[in-house]
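Structural features, examined
If you want the building blocks of each chain, they are given just below.
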Amino acid sequence: MLEHSMHRLVTCVDELASEHGKFQYHQRQATRLAQQQQQWLSRRRQENAVRRAQGLDELPEENDPDAPAAKPLAEPSRLDALLVTNQIDTYCSNVSQFTSQALTKLFLVDALTAEQRAAAAAAA
């Protein structure tokens, strides 16, 4: 029972680390996209300043399909991480319950053997 729960607990922690890695990757991609958007916007503003000086119409800065922000990133599902976290909680509860029972038995046996030793020492 304890060995099985510990094995599943380790497996779930590995799964949670994997989910965390996916989320970190998404965060890095979102940061990269925001930087690309800022660079694109800066270039677009420079280009519009040149076009204004030439008397041409300005290009749109918002709602442009060529802008990097026009292609949103798909956010990773947090449901998987939530489910794995709940599984971890369940396995931790199982381990806690099992070890609590084992420790209770250990202390009970220790107290009984201490009493037996004391009685044997008094009889001798």
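Going by the structure above, here's the rest.
Residues numbered from 1 in each chain as written. Predicted model: local features only at pLDDT ≥ 70, side-chain atom pairs only at ≥ 80, totals over all residues. Heavy atoms only, no water.

1. Remarks on helix α2 (residues 79–123)
Here α2 is 45 residues long and its end C-alpha atoms lie 66 Å apart, about the 66 Å a rise of 1.5 Å per residue gives. Among the structural elements, α1 (2–54) are those in contact with the buried residues of α2. (Helix = DSSP H or I, 4+ residues; strand = E, 2+ residues; numbered from the N terminus. Expected span 1.5 Å × (residues − 1). Contact = heavy atoms within 4.5 Å.)

2. Details of the environment of Ala-119
Its location among the elements puts Ala-119 in helix α2. As a C-alpha pair, Ala-119 and Lys-22 span 97 residues in sequence and 63 Å in three-dimensional space.

3. Some remarks on the pattern of salt bridges
If you walk through the whole model with that rule in mind, you get 4 salt bridges. Between Lys-22 and Glu-19 there is a salt bridge, with the nearest N and O atoms lying 3.3 Å from each other. Taken together, the residues span about one helical turn, with Lys-22 and Glu-19 both in helix α1 at a distance of 3 residues. With relative accessibility at 45%, the residue Lys-22 sits in the partly exposed group. (Salt bridge = Lys/Arg side-chain N within 4 Å of Asp/Glu carboxyl O. Buried < 20%, exposed > 50% of the residue type's maximum accessible area, 1.4 Å probe, protein only.)

4. Comments concerning the nonpolar core
Ranked by size, the top nonpolar core spans 5 residues in total: Leu-9, Cys-12, Val-84, Ile-88 and Tyr-91. In contact with Ile-88, other than residues within four places in its own chain, are Leu-9, Cys-12, Val-13 and Leu-16. (Core = buried A, V, L, I, M, F, W, Y, C linked by side-chain atoms within 4.5 Å.)

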